[in-house]
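Reading the structure
Read off the chains here:
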Amino acid sequence: MDWYAILEFSRGPMFYTALLVFMAGMTYRLFSTILLGWQADRVPNRGSKLRGVAVSYLKGFGIWPFFPWVKGTLSRNPVTYLAGGLFHLGLFVVIFLGTAHMLVWKSLLGFGWPTLALPIIDWLSAVTIVAMIALAINRRINPVLRLISGPAEWTNLIIVFLPMITGYMTTHHLWFRYETLFSLHMLSINLMLIWIPFSRISHFMFYFFSRTFHGAQAGKRAVAP
Amino acid sequence: MSTQDVTRAPVAKTAVDTFVKTTGSWVATQLEACTRCGICAQACHFYEATGNPEFAPVWKVELLRRAYEQRFTPPGKLKVALGLDKPVTDRDIQHWSTIVYEACTLCNKCAMVCPMGIQLGPLIHEVREAMAASQVVPADLVTAIRKQEELGSPLGVTEEMWEERIEWIADEWEVDIPIDVRGAETLVVFTSIEVMKFPENVAAIARILNAAGEKWTISTPGREVVNFGVFEGNPERTKLFMARLFDAARSLGVRRLVVTECGHAYDLLRWTAHNMTDVPVEITHIVAVIDDLLKKGRIKLQAGKYDSLGPIAFHDACKIQRRGGHIQEPRNILRILAPNSFREISPNREESICCGGGGGVIAIQEADPLRYKVFELKMRQMAAAGTKTITMTCANCRLQFTDGIKHFGLDVQVKGLAAMVADALIEE
């Protein structure tokens, strides 16, 4: 098989097509939900909605991507919190602060930024991969997660896992030739980009709705969100 | 489970139509934000007490998710076509009716732990709306709703019974209770739980308001603050029962309406009513009124009156504290009444564990074993704080506490906060 041709295709036309599908799909998702109609909130406030929203985001972007603010949540969901937190942290750091990834952003946006040293990124990637495996095992054994996990949840996990594992293999030249690994990495990223708008991985967009609403609801009642 | 009219068909279609009708952007964005992480489960006292994964809040809104995805989203339609997701069936509706009415008090603690901040309580209420529309409501709840419709109170308290009872309370506690006074400033609406089961609370609130020189009244047509339309999830009945209060307020010409110790009614009247109907008056809760009277010096209390009782704890009601906002006021009052013996139970405030009797659960006999199981969580909290006295500002919680304490034979005393205040009044 001509892996060079596959690489050229997957990092070229296919990547740009996937990006377009991603953006068009997310735009569609956004408008199809926000155009269903909103009811105005006519309830007189007791506290400040704005303050509630601000606190809600401060809590939402805590040390972990999510932080166990409520008593007992960490001890009862240790895997979800620790592995889930590390996974999100690792994912975002690698995507934005890995040198190779920053260069892709630079080619798309026209500007770049300082990045972290490769060993740090490398370790974080390994941690992220382990965290994802832990989350998968937890999804199999926790009775609530078993109940609420269908084909969609498992597909999402695998589709996010593939770019992570192929990326790690690419930087370490594991088992296959470099161009093969790089192609697989690009193919899995393209698959993920196309898949996101059709799946719950899009929660990163709706996060801003639910978090804002939660903050506003608490804020108007003058309680902590 | 026993439900009203189980043979009525097609249940699922009505339910899904209701889901879809109520699914605006608000519901859609909340459902889309869910990552299926399952953290909400541990926040649910019903899950915590039983370990039943079906009681996880995320699973309680499962039908709403299915209806929304399958009607509105291309992947949802595709999933059904491929057999990867199940359409909502009549059996599902029956099954979930038990879960959302008997194993959920709509306390909304799950929203506090959700990393995405999804408002699970209100979403579960949406599920109840669909159940109500398909008339798959627990029979006991239906009975109470009928009583409220026909007699004016879910406990079956008729106008005559109510009048007699109020007269008796006024006599027994030697307190003036103004009835149907036009031109009063404040309309106070009690629950029939207070009137029938905790009459000392009615007397206490009357004594406090009289001592403060408040121009207040109660109303015969607007005598019941409880609203079983909320528990059922029926917006029409909810509005009907609210209208009785607002009409009374209008005809008396009052400036404000004070909700006494009723959690869901406070949540409804203060935080939802304006989005359903015209609210002619300011709405507040009795605990906020008492705190305000103290701050303004209109009533005075004997400081430290209850310090001799030993550790006194406060139970935060989900709809008056977490969802109502009156977290600080009862603590201000208790710091005067029992500065040395007031103890916090843990967790508390916004994170408080619901008593287990709210959301109509206490009215459903079938749910009794579950309700007692959930109450064990409160027992553990009280034992950990070493408290023998617990006070609260919600009559429904109090009903659950008194019943639970009797059921388990505990040596714990339940006190209404208003009664504690009234007994500590320095009357000039």
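Owing to the predicted nature of the structure, the values given are computational and were not obtained by experimental measurement.

Conventions we followed
Residues numbered from 1 in each chain as written. Chains lettered and ligands numbered in written order. Predicted model: local features only at pLDDT ≥ 70, side-chain atom pairs only at ≥ 80, totals over all residues. Contact = placed C-beta atoms within 7 Å. Helix = DSSP H or I, 4+ residues; strand = E, 2+ residues; numbered from the N terminus. Nonpolar A, V, L, I, M, F, W, Y, C, P; charged D, E, K, R; others polar. Buried ≥ 20, exposed ≤ 12 C-beta atoms within 10 Å, placed from the backbone. Pairing = 2+ DSSP bridges. Right-handed = clockwise from strand over helix to strand, strands pointing away. Core = buried A, V, L, I, M, F, W, Y, C linked by C-beta atoms within 7 Å. Axes fitted to C-alpha atoms, helices over the stretch in contact; angles between N-to-C directions.

1. With respect to the interface of chain B and chain A
- Contact residues are listed per partner, giving 44 residues for chain B and 49 residues for chain A.
- When residues of the side of chain B that touches chain A are traced back to their parent elements, those giving at least two are helix H2 (25-33), helix H3 (40-43), helix H5 (57-60), helix H7 (74-81) and helix H9 (109-113) of chain B.
- The element that contributes the greatest number of residues to the side of chain B that touches chain A is H2(B), accounting for seven residues.
- Counted by class, the side of chain B that touches chain A contains 21 nonpolar, 15 polar and eight charged residues.

2. Side note on the pairing of strand E7 (residues 389-392) of chain B
All names here are of chain B.
- Alternating positions in E7 separate into two faces, Thr389 and Thr391 on one and Ile390 and Met392 on the other, with burial throughout.
- Relative to E7, strand E5 (residues 312-314) runs parallel, the two sharing three bridges. Bridging across to E7, Ala313 finds its partner in Ile390.
- In the sheet, E7 pairs with strand E8 (residues 413-416) via four bridges, with the strands oriented parallel. Note on E8: the bridge partner recorded for Met392 is Gly416.
- Taken together, E7, helix H22 (residues 395-408) and E8 form a β-α-β motif whose crossover is right-handed.

3. Side note on the nonpolar core
- Core analysis: the largest hydrophobic core is formed by 157 residues, its most contacted members being B:Ala15, B:Cys40, B:Val127 and B:Val259.
- Of the residues forming this core, the biggest block, eight residues, is contributed by helix H10 (residues 120-133) of chain B.
- What B:Val127 contacts, discounting residues up to four positions off in sequence, is B:Lys60, B:Val61, B:Leu63, B:Leu64, B:Trp96 and B:Val100.
- Residues A:Ala18, A:Leu181, A:Phe182 and A:Leu184 belong to the second largest nonpolar core, which totals twelve residues.

4. Thoughts on the sheet that holds strand E6 (residues 342-343) of chain B
Residue and element names in this part refer to chain B.
- Read across the open sheet, the four strands follow the order E6-E5-E7-E8; overall the sheet is parallel. A strand with exactly one partner marks an edge of an open sheet, and here the two such strands are E6 and E8.
- Here helix H20 (residues 328-337) sits on the sheet in contact with E5 and E6, set at roughly 170 degrees to E5.

5. What to know about the sheet that holds strand E4 (residues 282-285) of chain B
Residues and elements named next belong to chain B.
- A sheet is described by the order of its strands in space; here four strands give the open sequence E2-E1-E3-E4, paired in parallel fashion. Two strands bound the open sheet, and with one partner strand each, they are strand E2 (216-217) and E4.
- Along the sheet, helix H18 (residues 286-295) makes contact with strand E3 (256-259) and E4, crossing E4 at roughly 85 degrees.

6. Brief notes about unusual backbone geometry
- In the segment running from B:Ser346 into B:Pro347, the intervening peptide bond is cis, with an omega of -5 degrees.
- The backbone of A:His173 shows a phi angle near 50 degrees, a positive value even though the residue is not glycine.
- If you trace the backbone, A:His173 turns up in the loop between helix H9 (151-172) and helix H10 (178-195).
- Positive phi outside glycine occurs at B:Arg36, with the angle close to 60 degrees.
- Here B:Arg36 shows up in the loop between H2 and H3.

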